[in-house]
Amino acid sequence: MAILAPLIALVYSVPRLSRWLAQPYYLLSALLSAAFLLVRKLPPLCNGLPTQREDGNPCDFDWREVEILMFLSAIVMMKNRRSMFLMTCKPPLYMGPENIKYFNDKTIDEELERDKRVTWIVEFFANWSNDCQSFAPIYADLSLKYNCTGLNFGKVDVGRYADVSTRYKVSTSPLTKQLPTLILFQGGKEVMRRPQIDKKGRAVSWTFSEENVIREFNLNELYQRAKKLSKAGDNIPEEQPVAPSPTSVSDGESKKDK
């Protein structure tokens with residue numbers, strides 16, 4: 001188990017690592033790190049290096065280098081402790097009943113623009129986020145209660161589709177605490193989102209409970225308005241978006257396909 005958990009975390013991180021290594025800064029850092037290890041450990045390159053070891057072996061780390069490496073390792077682990085913990089110790093995925101449409105990077109824009117009379121509530125989530133895992137059954141229950149012809153619920157995995165997170169300004173960094181993010185779309189445009197984002201790009205603290213979502217997004221009124229669309233059918237004219245509360249923030253696939 002001690003070996004399996006790091007391997008799973010490494011495999012999970014391969015797509016993100018590949019994007020990092022594609023950038024010159026990270027590629028150069030990786031090459032310099034590898035060069036340091038080769039020069040220090042590989043004879044005859046290491047034979048002429050100075051050392052402070054008592055045995056005088058120049059091809060092994062001395063106490064000063066070990067101290068520096070331990071310090072750097074501690075910094076890396078502290079900066080990534082949240083992500084590493086969630087990748088290895090996260091709760092199981094919610095697999096219960098729901099009435100949610102899953103989007104990918106291509107279908108989300110098409111669906112939001114398909115019929116502007118339809119109101120969409122879309123959750124931007126990532127499977128590694130513990131908060132997203134906890135909110136999944138709550139969001140599923142809301143979709144079963146309030147989904148109708150004129151009010152739909154959707155989800156998109158921004159951990160998998162990074163360009164979607166950029167397009168809709170949802171940061172996937174654990175430090176910003178923007179996961180999950182709920183956005184209300186009316187007329188194909190963003191009307192409000194929770195949590196809100198402050199001027200420094202950090203999420204304003206907000207509890208993702210069923211009561212809070214119903215109250216903040218005014219789901220009962222949205223549901224009553226949406227039912228009119230299903231009763232009137234195609235004869236109903238397009239209505240102007242009515243926001244539950246204005247904000248200053250800007251802007252599938254099936255579940256089995258995931």
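Calculation rules
Residues numbered from 1 in each chain as written. Predicted model: local features only at pLDDT ≥ 70, side-chain atom pairs only at ≥ 80, totals over all residues. Heavy atoms only, no water. UniProt positions renumbered as here; feature names shortened; annotations may be inferred. Pairing = 2+ DSSP bridges. Helix = DSSP H or I, 4+ residues; strand = E, 2+ residues; numbered from the N terminus. Axes fitted to C-alpha atoms, helices over the stretch in contact; angles between N-to-C directions. Contact = heavy atoms within 4.5 Å. Phe/Tyr/Trp six-rings, centres within 6.5 Å; stacked < 30°, edge-to-face > 60°. Buried < 20%, exposed > 50% of the residue type's maximum accessible area, 1.4 Å probe, protein only. Lys NZ or Arg CZ within 6 Å of the ring centre and 35° of its normal. Expected span 1.5 Å × (residues − 1). Bend = angle between axes of the 7 residues up to and from the residue. Core = buried A, V, L, I, M, F, W, Y, C linked by side-chain atoms within 4.5 Å. Polar contact = N/O pair within 3.5 Å; in protein donor to acceptor, adjacent residues only side chain to side chain.

- Naming follows an unreviewed UniProt entry, where the protein appears as Thioredoxin-related transmembrane protein 2 of Aotus nancymaae.
- A UniProt comment under Subcellular location (unreviewed entry) is attached to the protein, and it reads "Mitochondrion membrane".
- Taken verbatim from the UniProt record of the protein, the Subunit (unreviewed entry) comment is "Monomer. Homodimer; disulfide-linked. Occurs in both reduced and oxidized monomeric form. Oxidative conditions increase homodimerization. Interacts with CANX. Interacts with ATP2A2."

1. Let's talk about the sheet that holds strand β3 (residues 151-157)
For step 1, the next point in the chain: If you trace the 5 strands from one edge of the open sheet to the other, you get β1-β3-β2-β4-β5, paired in mixed fashion. Strands with a single pairing partner mark the edges of an open sheet, and in this sheet they are β1 (101-103) and β5 (189-194). Neighbour-to-neighbour, the strand axes of this sheet turn through a mean angle of 30°, independent of strand direction.
For step 2, the next point in the chain: As defined by bridge partners, strand β2 (residues 119-125) adjoins strand β4 (residues 181-186) across 5 bridges and the pair is classed as antiparallel. Within β4, the residue paired with V122 across the bridge is I183.
For step 3, the next point in the chain: Contacting β1, β2, β3 and β4, helix α4 (residues 107-114) runs over the sheet at an angle of about 165° to β2.
For step 4, the next point in the chain: Helix-sheet contacts for helix α5 (residues 130-146) involve β2, β3 and β4, and the interaxial angle to β3 is about 155°.

2. Examining the packing of aromatic side chains
For step 1, the next point in the chain: Overall, the coordinates contain 8 aromatic pairs when judged by the stated rule.
For step 2, the next point in the chain: Taking 5.7 Å as the distance between ring centres and 35° as the angle between the ring planes, the aromatic pair formed by F135 and Y139 counts as tilted. Taken as a pair, F135 and Y139 lie in helix α5 at a separation of 4 residues, close to a single helical turn.
For step 3, the next point in the chain: A relative accessible area of 1% means that F135 is categorised as buried.
For step 4, the next point in the chain: With relative accessibility at 1%, the residue Y139 sits in the buried group.
For step 5, the next point in the chain: Each residue in the set F135, Y139, F153, W206 and F208 is aromatic and connected to the rest through ring pairs, giving one cluster.
For step 6, the next point in the chain: The ring of F125 carries K155 above its face, with NZ or CZ at 4.5 Å from the centroid.

3. Focus: α5
For step 1, the next point in the chain: End to end, α5 covers 25 Å across 17 residues, agreeing with the expected 24 Å (1.5 Å per residue, within 8%).
For step 2, the next point in the chain: The sharpest bend along α5 measures roughly 35° and falls at A136, with the proline P137 sitting one to four residues further on.

4. Topic: the nonpolar core
For step 1, the next point in the chain: Ranked by size, the top nonpolar core spans 43 residues in total, and within it I108, V122, F124 and L219 carry the most contacts.
For step 2, the next point in the chain: Setting aside chain neighbours within four positions, we find F124 in contact with I108, V156, V158, V164, Y168, V170, L179, P180, T181, I183 and F185.

5. Remarks on the environment of V118
For step 1, the next point in the chain: Along the chain, V118 turns up in the loop between α4 and β2.
For step 2, the next point in the chain: C-alpha of V118 to C-alpha of L151: the two residues are 33 residues apart in sequence and 5.8 Å apart in space.
For step 3, the next point in the chain: Discounting chain neighbours no more than four positions away, the residues touching V118 are T149, G150, N152, F185 and L229.

6. Some points on the pairing of β5
For step 1, the next point in the chain: With 5 of 6 residues buried, β5 is to be regarded as a mostly interior element.
For step 2, the next point in the chain: Note that β4 and β5 share 5 bridges and pair antiparallel. Residue pairing across strands places L184 opposite M192, the latter belonging to β5.

7. Examining the side chain of N212
For step 1, the next point in the chain: You can see N212 is positioned in helix α7 (residues 210-216).
For step 2, the next point in the chain: Looking at N212, its side chain comes within polar contact range of the main-chain oxygen of T207, at 2.9 Å.
For step 3, the next point in the chain: In this structure the side chain of N212 is engaged in a polar contact, spanning 2.5 Å, whose partner is the side chain of R215.
For step 4, the next point in the chain: Sequence-distant contacts of N212, defined by excluding residues within four places in its chain, comprise W206, T207 and F217.

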